[in-house]
Amino acid sequence: DDDDDDDDFQAAKSSKKSKRASPSGNGTRATKKSSSAVTKKTKIQIGGKSKSKKKTTKPTQQSSTSTTSKQIKTALSTLAKHVLPPTEEPGLKSLIAGLLSSYRPPKPIQLANFDSNVALVVTSPYTVNLHSLAEKVIELHNENPNRAQLALLNLLFRSVGGGVDTCFPIGGGATATAAAEDDGEGEEEETDLEQMETEDWATVVTDLVDDMRHAPANQILLCADPLGAVHQQNTLNRHDGGGNEKDTNEEEEEKKKGSKQYALGAAEFRKIYQEFWYILGYVALTEGGMATNTQQEGEEEEEEVSGSSVVRLDAELVKELIERVVELAPVGQPDVRAGAILAAISMSHAVLDQSAQLVKKMDVASRQYQAAKKGKNTSKAEALKVRIDSLKRSAEDLQQVVMVNFVQGLFVHRYRDSNEHIRAMCMESLSRMTLQRPDMFLTDKYLKYFGWMMHDKDHHVRIAALNGLLQPFKAVQDAQEGKEVAPADEFLMIDKIDLSLLENVVGKFLSRITFAIKDPKPEVQEVAMKVLLMLLKNGFLDDCDDDEIWDTINQRALSERASPSVRRDALYFVLDQLEAFDDDNEESESSERKRAQQLDAIASYAAHAMTNGPVPIDKIKIEVADFIVQSLRGMPEHRALVTDWSAMLRAIKDDKSATTAHNVKAGDRADVAKQRILVRMLACAAQEEVGAVADESFLNSDVDPDMANFSEKAKKASMGREHETLSIALLKALPNLLLKFKGDTDVISELACLPRFLVPTVFSLPQRKQDFMSLIKNLGEIYLSSSNDDTLDKTARSLSSLCKGNHARVTESKAQLRKVVVELRDRIVELMSSDDATVATSAMSVVNSESEFASKSARRRSGRKRSPAAGASPATEKTSLTDDDTRGSADADTEYSIFLNVKRLRILAKKCNLSEFFDHVDDTNNVNQLELLCNFVCDGLNSRLRACKPVDLRVNEDEETAADKLIEDADVLAAIGKSVYEGLQLILSVTGWFFFSYQEEEGLVKNKKDLVDDMDDVDDDDSSIDDHVILRLRNRLLSLLEMCFSQYILSSDEHGDDDTTVAKHSDEQIEFADYVQLAAGKITADLRVLFPKELSDAENPLLRAVALQDDGRLVGAFVRFISAKEHLFRENENEAKENKILPQSLLLPMGRAIANNWARGNRREAGVFLRHIASSGSTATSIVTSTVDQMKKEDPVRMLESQMASLRQSYENWVDEEPDMDNEFPSDEEMKEFEEAEELHKEQFEHLEQRGTQFSKKLGVFGKLSDDRLRPALNGFIREGVRFSFSNLDGNGEDTLVLGSRLSFLAILSKYASWIKKDKQAKKEIQSFMDEKEFELRAHEEFEDVHVDDLAALAAFRKDLGLKNLPKASANVSVTSELDDEEMDDEASDGVNELQSPVASVSSRTSKASRASSVQSRASSRVSSLPALPEGDKESPQDSESDDEDSHFSAGSSSKNSSKRKSQTQNTYDENSEEEESDSDDESSLGLGYSQKSKKARRSK
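As the structure is a computational prediction, the values presented were derived from the model and not from experiment.

### A closer look at the overall build of the protein
In step 1: Looking only at helices and strands, one finds 60 helices and eight strands in the protein.
In step 2: In the protein, buried positions account for 53% of the 1501 residues.
In step 3: Long-range pairs, those at least 24 residues apart, make up 76% of the contacts in the protein with a sequence separation of at least 6.
In step 4: Summing over all exposed atoms, the protein offers an accessible surface of approximately 69700 Å²; the carbon and sulfur share of this is 46%.

Structure, rendered in structure tokens:
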């Protein structure tokens, strides 16, 4: 097994030592005797080309397109500074320095020598320097092979991360002779590689691997991973437990590479390393000791052939070098293996290139020989015969080196290496060899390796294997197309490639290649599809009858999971199977007609593929037709299909039956789908074409800038002729198409979006006026009749976009849009006026009765009253939604109609300012008809919400039920709920437009430059505004929101009345209540973001007036609703598939509102929100974490206060929910239930601890607080937590809790201990505060009753903070002292061990009656009226009143004479004040203000 060789190093010593060169003795090979012989170079060129035609490559051409030559040089220079010692210079003793400095310009003498004597092709900017370095190595090898090989091994070791100490010592200078080396003094003894045994090699490699472990990843030049050592390390760290790499996107993949400079330098060094070994192999062949010189063979000298033209290359030398590096291939360290294998591969490629040149020369000589024989030129024929034999022997020698030393000695063992990159490296080398010598390697014997490795578990290997089959096809295709050959590929024998030799391997592995197009990795899919496409073009699939293979390929053309290139290549297969694309079609047909037929054939195929199954016609994914358009645009030969608008429109109008690829009718479902696909293709093609020829801002002109997806491509200066042609064609056809497909929602939505892509200049053309008028008329009719959200949105965008710009039809467009708006207004008024309550309370009652708005509504109402029987529905006869007939279907239809029309108006309100289409009815008060409409809608929704408002359904014997007064019809409730949501959004959008218009009119929207200019021109306006359209609409909306929140339905537990039987609401009523509250929560958040509290500091009086400062009732109501859904978050945490909608609907709106108002935010609200930072699902955690980051930036101290509020609220709830056993003699079933409840209670406390940990982590990283303001605040935070823990007063200020019952809260508080330990002053203050509180605890008369778990929590808290224990007292011994005593009993130890999940005994803490009273008191506040969440309200009984106050944490003062600052907005704690905090919980409702009483008053109590 080859993988076993990777575990332990086994040095593979060659058995042919006699063939290796030694410095002296009989085995020494011939060396060059004179300097003139050394400098004389061998010329080996292709096909007799002269050296003057040698190709060179500019350095900039070799660098990546995304980088510059300067960046590469900087990266290599930086690597050299990090890797090389300061005194290390390039040379034979440091080849690594030579490679790293190869980017430097070569010396003039080097350039002259290279140009005049070297036939090597320049392939990179490093070629000249690397050739010079390789020459020195070979010269040294000719004199001293051992020393040269030591230098090469040192290069390999240093490249993979070895240090200077792990290198072999090299004696003597660069040109020192063996005799001089023996006389050297002070030099370390040189290692003789021939005398090294396996144990010696193992020691060397072990030292090398140890050195590599300590080398930083960003200083390793070469590793197995082509992307560098940093990427390799990060990839290994990100592997999951199963050994599979986790999927990462492109951005994460780039991060894994490390710094850009290192990634660039490592990639470039890998290229340099490969090129050096390639050049070394070339120089070894041509300048080795056993190589002979050949005279130049210019074209002019081909006639003169003599016996001296014998070619001999030093195959033995390159063979020895390959053997030397191959000895390291079995090393267990993969980077060392990779370095050795990469060197062997590069030298083998050099040998094959030289052999390819010899074969080409041999072919030329053979032709000349045959010509000489025919011409009876005997002397020339004999000379050519000698030359042919010489070339043949040399070529065979080189082939023997590759086959024996590389293929058999390395490849057959390493292609199954344990490292995936080495396996891929072997496949890439074999792929290259099939092009270098196809006569040797393009055979089944070697092609089978590609088929085998397509099953590899790593995608890098699969890609390399597929590429091995692809490259021969690609090389032949490039040669046929006449593409320029890269300098490095000049020696490839492309003309020798016979593609028919691949038939066997393709036939055997075709199913595997096909399966690869569905590979999890897109890169594998793309290469596999390219292989299949090459097979198709070259006729390899002509005899394939496997339908499964064809279906698999065809399906990728419409697959969402495939990459664009895979879909494009798969579409080539589809087109190849369609008759419309056959070349033998009638050429007499017009181009337009032929293209229309081709489009119809494509759409028919797609329709058949989408409907071939039980998928309903309305559920098929028509959007995949976009893939067809994008693929066709990527095909140069078929691009015209999706830019010929006449052909596309003709295909739609022809309306032919859909057929399969075999020209069989696909059925009615396919016919419908085909029409939808054609229209979708038209819409997509138009958008793609406009995006290609028009400015990007044109496409996003009607999109919110925050939502638009702008790319970085350059903007275009003009629309172009193509855009105008498209616009004219669509403008002519769209009106009729809109009428034709008016009943098909999917088709009409695609057509409705097209007017946005028309260039406005064509609207002004006189000949297109009628088309334009028909277009806007049809769009208006579609909008008024459609109920599909997508259709309404696209139609609204088109109508609003046509009203913009400077074209001549803007007036007509606005007039049409006004008709739509007015029609929607009239419908809403008529439908809502059926309820007298709406009419009575409407703001219309104050409007002039002769106004258009009022008169039309009045006429319609009076008409109904005069002729009630004239076709009127039952709904028109009702006077209230709660009448008996409201449960009928007619009422549900009416409410649904209201919902639809309000939704239509809301969608338009989001696209444009509707106030432009309404007249002013009262110029004095600036009253707009749009405001009246909003008032009317608001009143109508209020009346419906009152009819649905939950009432007390508790029924006593002497009490009449009120259940029949509620709406119970599910359809009615659903329609009303949707109307409420749409109405809220409508009013909010209108308010936002009024607010935006006001800011623009007053010049309040300014850029930074204007703000700087206005700094010195400040003129405060102290006036106030009490009446404005924005204020009126805002207040209306607030009233409606409160009505929505009043739909809250109390659970049976919240009634707190055991003597009452509760009649439950229906499921429909509960769902309705939840829906409207959820809608109200979202709109409340939007309103708080639109009118933040910070506007109260604005200079403009209206901005100050609209600031939403009094939002306590709305906030409290939304908090109540979220708290009622707490159990859903806990269930979501345990679900296998997370419900992301839940946190996005509940937490995201609240998070937005908190983040945008945090400077004056509600900390109690934030406390409820922060509960979900843990144990509520990953989506909830992400939302809360992002919000906390914003809160911390705005006000970190306030954020810390909200953490305390969150922890205290949850802790009190946890105490109240502690399970209790009522039965003194419980059954087994009751005991089991009790134990399960206790276990659940423990888990809840663990969640609290986890939340505390998450809170603490958000304060900073790596032991450093993220904001300096947090350090003093943490002191007050800890002391407030300690005060709360020692308190024994309940929420009503009554002494009902057992002494010490809250000490378990210290376990949560200890999660912040790491921040306090580092602050000696804070730690000292907390020590004093803790001692004082504990002395009071121990002096209490009930101290003996304190639970052991609570004492354990106290002791553990002191230990976590590193606080000293209290000294032992005679009367009351300190608990901490007892716990720290070495002789403490086992019971005390158990108490400490169970501290992580302390569970207090309810019976020992408070009586059942008092606890029930407390719970009932909490529940009593949850009444139908909205709960307020003021910042400073004390947690007193509900009938008490207190002023609002704000509070902040303060660290206190270390000085005894420090004073305490008090104000309405701040209440700080002073540890030296004579007045001390009460143990009562009557502090701020946020847990941040401290209600204080004197010690005397506290003791008297």
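### Quick look at the side chain of Arg-423
In step 1: Positionally, Arg-423 belongs in helix α16 (residues 420-436).
In step 2: Looking at Arg-423, the relative accessible area reads 6%, which means it is buried.
In step 3: Side-chain polar atoms of Arg-423 contact the side chain of Asp-456, separated by 2.9 Å.
In step 4: Setting aside residues up to four positions removed in sequence, Arg-423 forms contacts with Arg-414, Tyr-415, Arg-416, Asp-417, Ser-418, Met-453, Asp-456, Lys-457, Asp-458 and Val-461.

### Here's the deal with the pattern of salt bridges
In step 1: A complete count under the given rule lists 57 salt bridges for this structure.
In step 2: Ionic pairing is found between Lys-483 and Glu-481, a salt bridge with its closest N-O pair at 3.7 Å.
In step 3: Put simply, Arg-721 and Glu-724 hold a salt bridge, and the shortest N to O gap is 3.5 Å. Taken together, the residues Arg-721 and Glu-724, both in helix α29 (residues 721-740) and three residues apart, mark about one turn of the helix.
In step 4: A residue is classified by how much of its surface remains accessible, and Glu-724, at 28% relative accessible area, is partly exposed.

### Section: the confidence of the model for the protein
In step 1: Counting all residues, the mean pLDDT for the protein is 76, and 72% of those residues have values of 70 or more.
In step 2: Across residues 1-66, where pLDDT falls below 50, the model places 133 contacts with residues more than four positions away in sequence or in other chains.
In step 3: pLDDT under 50 marks residues 1369-1425. Its contacts with residues more than four places away, or in other chains, come to 98 contacts.

### Details of α16
In step 1: Here α16 is 17 residues long and its end C-alpha atoms lie 25 Å apart, about the 24 Å a rise of 1.5 Å per residue gives.
In step 2: Taking the backbone nitrogen of His-421 as reference, a side-chain oxygen 2.9 Å away marks Asn-419 as the first, capping residue of α16.

### Some details on the packing of helix α26 (residues 645-654) against α29
In step 1: For the pair α26 and α29, the least separation of the axes is 10 Å and the interaxial angle reads 10°. Taken together, α26 and α29 sit at an angle that is classed as roughly parallel. Note on element contacts: α29 touches α26 through Leu-726, Ala-729, Ala-733, Leu-737 and Lys-740, opposite Trp-645, Leu-649, Ile-652 and Lys-653.
In step 2: Each residue belonging to the contact of α26 with α29 can be placed in one class, and the counts come to seven nonpolar, no polar and two charged.

### Some points on the state of the cysteines
In step 1: Evaluated as defined, the whole model comprises zero disulfides.
In step 2: The closest cysteine sulfur to the non-disulfide-bonded Cys-753 is located on Cys-684, 9.6 Å from its own sulfur.

### Structural notes on the environment of Leu-140
In step 1: By secondary structure assignment, the location of Leu-140 is in helix α6 (residues 127-143).
In step 2: Residue classification places Leu-140 among the buried residues on the basis of a relative accessible area of 4%.
In step 3: The spacing of Leu-140 and Ala-151 is 11 residues in sequence and 9.9 Å in space, taken between C-alpha atoms.

### Points about the environment of Asn-1288
In step 1: Mapped onto the fold, Asn-1288 is located in the loop between α51 (1270-1286) and α52 (1305-1309).
In step 2: On the basis of relative accessible area, Asn-1288 is assigned to the buried category, the value being 8%.
In step 3: A C-alpha to C-alpha distance of 6.7 Å links Asn-1288 and Gly-1300, two positions 12 residues apart in sequence.

### Some points on the packing of aromatic side chains
In step 1: Under the criterion given, the structure shown has 24 aromatic pairs.
In step 2: With a centroid separation of 6.2 Å and an interplanar angle of 85°, the aromatic rings of Tyr-981 and Tyr-1075 are classed as edge-to-face. With Tyr-981 in helix α38 (residues 970-1001) and Tyr-1075 in helix α42 (residues 1067-1090), the pair connects residues that are 94 residues apart, well separated along the chain.
In step 3: The exposure class assigned to Tyr-1075 is partly exposed, which follows from its relative accessible area of 36%.
In step 4: Three or more aromatic residues joined by ring pairs make a cluster, and in this case those are Tyr-1211, Trp-1214, Phe-1245, Phe-1284 and Phe-1305.
In step 5: A cation sits over an aromatic face here: Lys-448 above Tyr-449, 5.8 Å from the ring centre.
In step 6: Sitting over the ring of Trp-1158, Arg-1198 keeps its end group 6.0 Å from the ring centre.

### Comments concerning the packing of helix α37 (residues 929-948) against α38
In step 1: Direction vectors running N to C along α37 and α38 enclose 150°, while the axes themselves pass 10 Å from each other. The angle between α37 and α38 places the two elements in the roughly antiparallel class. Note that α37 runs across α38; the crossing there is left-handed. Contacts between α37 and α38 involve Leu-930, Cys-934, Val-937, Cys-938, Leu-941, Arg-944, Leu-945 and Cys-948 from the first element and Leu-973, Ile-976, Ser-979, Val-980, Gly-983, Ile-987, Val-990 and Phe-994 from the second.
In step 2: Across the contact of α37 with α38, the residue classes break down as 13 nonpolar, two polar and one charged.

### Describing unusual backbone geometry
In step 1: With a phi angle near 65°, Ser-1175 is a residue other than glycine that sits in the positive phi range.
In step 2: Relative to the helices and strands, Ser-1175 resides in the loop between α47 (1163-1170) and α48 (1178-1194).

### Remarks on the side chain of Thr-434
In step 1: When you line up the elements, Thr-434 lands in helix α16.
In step 2: Reaching out from Thr-434, the side chain makes a polar contact with the backbone oxygen of Ser-431 at a distance of 2.5 Å.
In step 3: The contact partners of Thr-434, leaving out residues within four places of it in the chain, are Phe-441, Leu-442, Phe-450 and Pro-472.

Conventions and cut-offs
- Each chain carries its own residue numbering, running from 1 in the direction its sequence is written.
- Totals for whole chains, interfaces and linings use all residues, but because this is a predicted model, local features are given only for residues with pLDDT of at least 70 and pairs of side-chain atoms are given and counted only at 80 or more.
- Processing note: side-chain calculations cover all non-hydrogen atoms of the structure and skip hydrogens and water entirely.
- Runs of H or I in DSSP of at least four residues are treated as helices and runs of E of at least two as strands, each being numbered from the N terminus.
- With a 1.4 Å probe rolled over the protein chains alone, any residue whose accessible area is under 20% of its type maximum counts as buried; one over 50% counts as exposed, and the rest are partly exposed.
- Every residue pair with non-hydrogen atoms within 4.5 Å of one another is taken to be in contact.
- Per-residue and other accessible areas follow the Shrake-Rupley method at a 1.4 Å probe size, with only the shown protein chains counted as cover for residues.
- Whenever two N or O atoms come within 3.5 Å, that pair is a polar contact, provided that in protein one can donate a hydrogen and the other can accept it, and provided that, for residues adjacent in sequence, both atoms are side-chain atoms.
- For this document, the term salt bridge refers to a Lys or Arg side-chain nitrogen within 4 Å of an Asp or Glu carboxyl oxygen.
- For every residue, the predictor reports its confidence as pLDDT, a number between 0 and 100.
- By this rule, a helix spans an expected 1.5 Å times one less than how many residues it contains.
- In this analysis an axis means a line fitted to C-alpha atoms, helices contributing only their contacting stretch, and an angle means the value between N-to-C directions, from 0 to 180 degrees.
- Here roughly perpendicular refers to angles of 65 to 115 degrees, roughly parallel to angles under 35, roughly antiparallel to angles over 145, and oblique to all remaining angles.
- In this count, Pro and Cys sit with the nonpolar residues alongside Ala, Val, Leu, Ile, Met, Phe, Trp and Tyr, while Asp, Glu, Lys and Arg are called charged and the others, Gly among them, polar.
- The disulfide criterion is simple: two cysteine sulfur atoms within 2.5 Å.
- Only centres within 6.5 Å qualify two rings of Phe, Tyr or Trp (six-membered ring in Trp) as a pair; their planes then separate them into stacked at under 30 degrees, edge-to-face at over 60, and tilted for everything else.
- Placement of a charge over a ring requires the Lys NZ or Arg CZ to be within 6 Å of the ring centre, with the centre-to-atom vector within 35 degrees of the ring normal.
- Left-handed describes a crossing whose near helix is turned anticlockwise from the far helix by less than a right angle; the clockwise case is right-handed.

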